[in-house]
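Architecture and fold: a report
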Amino acid sequence: MTAAFTFPGQGSQALGMGKALADAFPAARAVFDEVDAALSEKLTSIMWDGPAETLQLTENAQPALMAVSMAALRVLESEAGFAVGRDAAYVAGHSLGEYSALAAAGSLSISDAARLLRARGLAMQKAVPVGVGAMAALLGLDYEAAVAVAQEAAQGQVCQAANDNGGGQVVVSGDKAAVDRAVEIAKAKGAKRAMLLPVSAPFHCRLMQPAADAMAKALSEVTINKPASPVVSNVLAAPISDPDEIRRRLVEQVTGTVRWRESVAYMAAHGVIRFFEIGAGKVLTGLVKRIAEGAVGIAVGGPNDIAAAKDALAAARSA
């Protein structure tokens, strides 16, 4: 198998996402109906009718992005013959996308994934009062340089690398004053750009420990099955399949670094040539080209993407 299925994280959400899939394919509509039922509310109304600022709320964006990913996957299964266990050497997702990957591989039910992501979003927002934390993107520095910037900026506060996205893009997270210092230090050290991000909380840093504790409890109450294909863990950048380890690593992920660059590099080094980004946006597809030389990214988020994805999968099967 030379293909991997990847799933986007927060930031890829957009008003109207998934609507065309739901209108065109009953398999997609069924996913959205299941998510609405699991949450006991019409999340789809927020996704498709807005307002946009309500969709942007972490507790809505996270389950909504998972819903779009799973709707797209169900269409790929019904219309293009995709099967995770047969066609994907690995599955992987960026931050919340790891839950989408687990649902795709049968480790989590869609309903459990929706409820867990709603709980995760609420817990992450509650962990740190608005304005206390911040995140910033450092562009043009490699990971080691960005870690050094974060360490220098901390000065007794929290400042750590949250996302190693690849292509010279590292996000730091922590106390706002420390992140502000990191922006200035990064500029002085030659970063092409360093800028605060419009987020409501400092994700993937030690300030999120209360949210990690909440997720440990929530994850202990759901069934996690062995995935049909190995899941490349965000915090390990290596594949895992044991349900107890999956549960443990999802808890660690709340405060740990999303090691996306290393995850993609691992999959590429182990034979993956085609990375199918299943869900909203094309962020991961853009990153693949900057991380793995010669790899191909295929974004699948709407009805018009299905035929090209089917052709790409046929090529992957014959490779």
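Please refer to the structure placed before this passage.
The text that follows walks through the structure, step by step, so that each part is easy to find. (Residues numbered from 1 in each chain as written. Predicted model: local features only at pLDDT ≥ 70, side-chain atom pairs only at ≥ 80, totals over all residues. Heavy atoms only, no water.)

What follows covers the sheet that holds strand β6 (residues 193-196). On the basis of which strands lie adjacent, the open sheet formed by four strands has the order β4-β5-β3-β6 and antiparallel pairing. Each having just a single partner strand, β4 (159-164) and β6 make up the two edges of the open sheet. Neighbour to neighbour, the strand axes of the sheet diverge by 25° on average, direction disregarded. Two strands pair when backbone bridges link them, and β4 and strand β5 (residues 169-175) are joined in this way by five bridges, in the antiparallel orientation. Paired with Cys 159 across the strands is Gly 174, a residue of β5. Packing of helix α9 (residues 143-154) onto the sheet brings it into contact with β3 (133-139), β4 and β5, and relative to β4 it is tilted by some 155°. In the packing of helix α10 (residues 176-188) onto the sheet, the strands contacted are β3, β4, β5 and β6, and the crossing angle to β5 comes to about 145°. (Pairing = 2+ DSSP bridges. Helix = DSSP H or I, 4+ residues; strand = E, 2+ residues; numbered from the N terminus. Axes fitted to C-alpha atoms, helices over the stretch in contact; angles between N-to-C directions. Contact = heavy atoms within 4.5 Å.)

Buried residues dominate β4, accounting for six of its six residues. Counting the residues between successive antiparallel strands, the hairpin from β4 to β5 contains four residues, one of them, Gly 166, with a positive phi of roughly 95°. (Buried < 20%, exposed > 50% of the residue type's maximum accessible area, 1.4 Å probe, protein only.)

The next thing to look at is helix α2 (residues 26-39). Here α2 spans 20 Å end to end across 14 residues, near enough to the 20 Å set by a 1.5 Å rise per residue. Of all the positions in α2, only Ala 28, Val 31, Phe 32, Val 35, Asp 36, Ala 38 and Leu 39 are classed as buried. Axial view of α2: buried residues confined to an arc of 165°, hence all on one face. Every exposed residue of α2 that faces more than 90 degrees away from the buried side is listed here: Pro 26 and Ala 37. Where the residues of α2 are buried, they touch α1 (19-24), α3 (43-49), α5 (58-80) and α8 (110-127). The positive-phi residue at the C-terminal boundary of α2 is Ser 40, with phi of around 55°. (Expected span 1.5 Å × (residues − 1). Arc of directions from axis to C-beta.)

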